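Residue-level listing of the chains:
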Amino acid sequence: MYSSNPVDSIRKFHLELTTLRRDLHAHPELGFQELRTAGIVAGALEALGIEVHRGIGKTGVVGVVHGREHTSGRMVGLRADMDALPISEEGSSQHCSTKPGLMHACGHDGHTAILLGTAKYLAQTRNFNGTAILIFQPAEEGLGGAQAMLDDGLFDRFPCDEIYALHNWPALPPGTIGINPGPMMAASDKFEIVIEGRGGHGAHPYQTIDPIVVAAQLILGLQTIVSRNVHPIDSAVVSIGSVQAGNPAAASVIPREARIVGTVRTFKDSVQATVESRMRALSESIAQAHGATAQFRYQRSYPATINTPNHANFVADVATSLFGDDHVVRDLMPSMGSEDFSFMLGVKPGAYFRLGQGGAESGTLLHNSRFDFNDEVIPTGSAMFASIIERSMPLVER
Ligand code: NI
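The structure presented is a predicted model; accordingly, all values stated were derived computationally and were not measured.

Analysis parameters
Every residue gets a number counted from 1 within its own chain, in the order that chain's sequence is written. In view of the model being predicted, local features appear only for residues whose pLDDT reaches at least 70, and side-chain atom pairs are presented and counted only at 80 or more, with totals across whole chains, interfaces and linings using the full set of residues. Here the side-chain values reflect all heavy atoms present in the structure, with hydrogen atoms and water set aside. A fitted line through C-alpha atoms represents every axis, and for helices the fit uses only the stretch in contact; the resulting angles, taken between N-to-C directions, go from 0 to 180 degrees. A run of H or I in DSSP counts as a helix once it spans at least four residues, and a run of E counts as a strand once it spans at least two, with each numbered from the N terminus. Crossing chirality is assigned from the near helix's rotation relative to the far helix, an anticlockwise turn below a right angle marking it left-handed and a clockwise turn marking it right-handed. Whether two residues touch is decided by their heavy atoms; if any such pair falls within 4.5 Å, the residues are in contact. Any residue that is not Ala, Val, Leu, Ile, Met, Phe, Trp, Tyr, Cys, Pro, Asp, Glu, Lys or Arg is counted as polar, Gly included; the first ten are nonpolar and the last four charged. Here's how the labels work: a residue is buried when its accessible area is under 20% of the maximum for its type, exposed when over 50%, partly exposed in between, all with a 1.4 Å probe on protein chains only. Charge counting follows a simple rule: Lys and Arg are positive, Asp and Glu are negative, and His as well as the terminal groups are ignored. Here, a salt bridge means any side-chain nitrogen of Lys or Arg that lies within 4 Å of a carboxyl oxygen of Asp or Glu. Between N or O atoms, a polar contact is any pair within 3.5 Å; within protein, one atom must be a potential hydrogen donor and the other a potential acceptor, and residues adjacent in sequence are included only when both atoms are from side chains. Strands qualify as paired when DSSP identifies two bridges or more between them. All the domain ranges listed were derived from an automatic or database domain assignment. What counts as buried area is the accessible surface, traced by a 1.4 Å probe, that two parts surrender upon association, with contributions from both included. Water is not among the atoms examined, so metal sites may look incomplete; donors are the N, O and S atoms within 2.8 Å of the metal, or within 3.2 Å for Na, K and Ca. Put simply, buried Ala, Val, Leu, Ile, Met, Phe, Trp, Tyr and Cys residues joined by side-chain atoms within 4.5 Å make one nonpolar core. Reported orientations rely on four angle classes, namely roughly parallel under 35 degrees, roughly antiparallel over 145, roughly perpendicular from 65 to 115, and oblique for the rest.

1. Considering the packing of helix α9 (residues 309-323) against helix α11 (residues 378-392)
And then number 1: The contact between α9 and α11 brings their axes to 10 Å, and the two run at 120 degrees. Considering the relative orientation of α9 and α11, their crossing is right-handed. Between α9, through Phe314, Val315, Val318, Ala319, Ser321, Leu322 and Phe323, and α11, the contact on the second element is made entirely by Thr380, Ala383, Met384, Ser387, Ile388, Arg391 and Ser392.
And then number 2: The residue makeup of the contact of α9 with α11, split by class, is nine nonpolar, four polar and one charged.

2. Side note on the side chain of Glu141
And then number 1: Tracing the sequence through the fold places Glu141 in the loop between β4 (131-137) and α5 (145-151).
And then number 2: Buried and unpaired, Glu141 has no salt bridge, with Arg79 as the nearest side chain of opposite charge at 8.9 Å.
And then number 3: In this structure, Glu141 is in contact with Asp83, Ala84, Leu85, Cys106, His108, Tyr302 and His367, ignoring residues within four places of it in sequence.

3. Details of the side chain of Arg79
And then number 1: One can find Arg79 in strand β3 (residues 75-81).
And then number 2: A distance of 2.9 Å separates polar atoms of two side chains, one belonging to Arg79 and the other to Gln137.
And then number 3: The residues contacting Arg79, other than those within four sequence positions of it, are Leu115, Ile135, Gln137, Glu140, Tyr164, Ala165, Leu166, Glu339, Asp340, Phe341, Met344 and Phe385.

4. Concerning the sheet that holds strand β8 (residues 187-196)
And then number 1: As summarised here, the arrangement of the four strands in space is β10-β12-β8-β13, forming an open sheet in which the pairing is antiparallel. On the outer flanks of this sheet lie β10 (236-245) and β13 (293-302), each paired with one strand and no other. Put simply, the sheet's adjacent strands are angled 15 degrees from each other on average, direction ignored.
And then number 2: Across 10 bridges, β8 lies against strand β12 (residues 257-266) in antiparallel orientation. Following the sheet pairing, Ala187 is matched in β12 by Thr266.
And then number 3: Across the sheet, helix α7 (residues 211-229) lies against β8, β10 and β12, angled at about 170 degrees from β10, the strand it touches most.
And then number 4: Sitting on the sheet, helix α8 (residues 269-289) is in contact with β8, β10, β12 and β13, with an inclination near 165 degrees to β13.

5. Some remarks on the domain arrangement of the chain
And then number 1: Structurally, the chain comprises domain 1 (7-185 + 304-392) and domain 2 (187-302).
And then number 2: Each of domain 1 and domain 2 was reduced to a C-alpha centroid, and the two centroids are 38 Å apart.
And then number 3: Contacts between domain 1 and domain 2 engage 19 residues on the former and 10 residues on the latter.
And then number 4: When domain 1 packs against domain 2, close to 930 Å² is buried across both sides, 68% of that on carbon and sulfur atoms.
And then number 5: When the buried surface of domain 1 facing domain 2 is broken down by residue, Ala304, Met336 and Ser338 rank first, second and third, together holding 58% of it.
And then number 6: Our enumeration of links across domain 1 and domain 2 arrives at zero salt bridges.
And then number 7: Put simply, the parts of the chain that give the side of domain 1 that touches domain 2 at least two residues each are β7 (183-185) and α10 (341-345).
And then number 8: Among the residues making up the side of domain 1 that touches domain 2, the classes are represented as nine nonpolar, six polar and four charged.

6. Observations concerning the coordination of the nickel ion
And then number 1: Surrounding the nickel ion are the protein donor atoms Cys106 (SG), His108 (NE2) and His167 (NE2), at 2.1 to 2.2 Å.
And then number 2: Spacing between the donor residues of the nickel ion along their common chain follows C-x1-H-x58-H. Here the residue Cys106 occupies a position in the loop between β3 and α4 (108-125), and His167 occupies one in strand β5 (residues 162-169), the gap between them amounting to 61 residues. Judged on exposure class, the residue Cys106 and its partner His167 are both buried.

7. A closer look at the pattern of salt bridges
And then number 1: Considering all chains together, one arrives at 19 salt bridges under this definition.
And then number 2: Salt-bridge contacts for Asp23 lead to Arg36; the nearest nitrogen and oxygen are separated by 3.0 Å. Here Asp23, found in helix α2 (residues 14-26), pairs with Arg36, found in helix α3 (residues 35-47); they are 13 residues apart in sequence, far enough to count as distant.
And then number 3: Between Asp81 and Arg79 there is a salt bridge, with its nearest N and O atoms 3.5 Å apart. As far as the burial class goes, Asp81 and Arg79 line up, both buried.
And then number 4: Here the salt bridges do not stand alone but share partners, grouping Arg21, Arg22, Asp109, Asp372 and Asp375 into one network.

8. Quick notes on the nonpolar core
And then number 1: Ranked by size, the top nonpolar core spans 54 residues in total, and within it Leu45, Leu122, Leu134, Phe136, Phe353, Met384 and Ile388 carry the most contacts.
And then number 2: Phe353 has contacts with Ala165, Leu166, His167, Ile177, Gly178, Ile179, Met184, Val315, Met384, Phe385 and Ile388, leaving out every residue within four places of it along the chain.
And then number 3: The next biggest cluster of nonpolar side chains, apart from the first, holds 26 residues, and it includes Val64, Phe155, Cys160 and Tyr352.

9. Some words on the packing of α2 against α3
And then number 1: For the pair α2 and α3, interaxial distance at closest approach is 10 Å and the crossing angle is 165 degrees. One way to sum up the angle between α2 and α3 is to call them roughly antiparallel. When the axes of α2 and α3 are compared, the crossing they make is right-handed. Facing α2, whose interface residues are Leu20, Asp23 and Leu24, α3 presents Arg36, Thr37 and Ile40.
And then number 2: The residue inventory of the contact of α2 with α3, partitioned by class, reads three nonpolar, one polar and two charged.

Pasting the structure below:
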């Protein structure tokens, strides 16, 4: 007994949501500093008569929308992230960032506007049986805002039965929904290896233990882990992002120390454990073979974002019924990027899906300094979230 397609109703506030989205874009805020954004979100929810809870996960905001009926006792969560990135915007739009060095380069301004659009529609219609929990999360970009909200008792206070989130995706055409029933994004880990040798004169290397030669062997050695130790059907990435040793002004000095840092991406716990243990073994043994030592540090940051199959299929079915089969990709390839909605999916069943917005063909990918969220797809995202609520908690047929 849900309304046929919320997208028509939501289009009526498309202009208002676009204005709001562009205002957020012009005023980006980094993780846990989203005070202005959180204030706008809370104000918009209050104006709609929605119960608002602030300060969950520092700058997080939660809105509670009660359905017309609540005999189901069910609670479904929708999550949008709010934070921006430390990137200088190079775009030329009128709503360009007003803050030097900060911009919404990942479209979280769009996600926030989308969930506010859903809030407005749900508050006006309430065509569901249960409670919708609207989660406006801080600090997705590397600071673990989702975990901070969990630590503040998010799901103790709002015990959701299932949870959903979306992310815009430039590689899909505008209005297309992409999802798959398993891993959507990888676990993201950081590592640092410090090789200590013995410095000396470049003319007399036999008197030194050259950490640069050790680092060179280790860098190549690390690249054998994916090809030789990880099962060929599994996936892993080992990338080194920085190598530091010596002084460019000292061509004839062998330094004492070399430092390698990088990232590891995996989908399975077992693969993650294999990569970590092989990295440690190679670091220590290659260093030892040359008389050097290696300090190996490995930090697990975000876990893999893994959909529950039933909930992912449900999202794909909702998308198909709203936008048609030709606008739904049900077997979207996972990304080796990461996402901290993974912490929430670690404790609740649910699904994370992609909202196509185009732009990849012109190179304006996520985290690009010319990126801008495509306002055209706001109603698509809002309608997806609204229909997820209406169809996961349908009104009782009379
Ligand atoms: Ni993002």
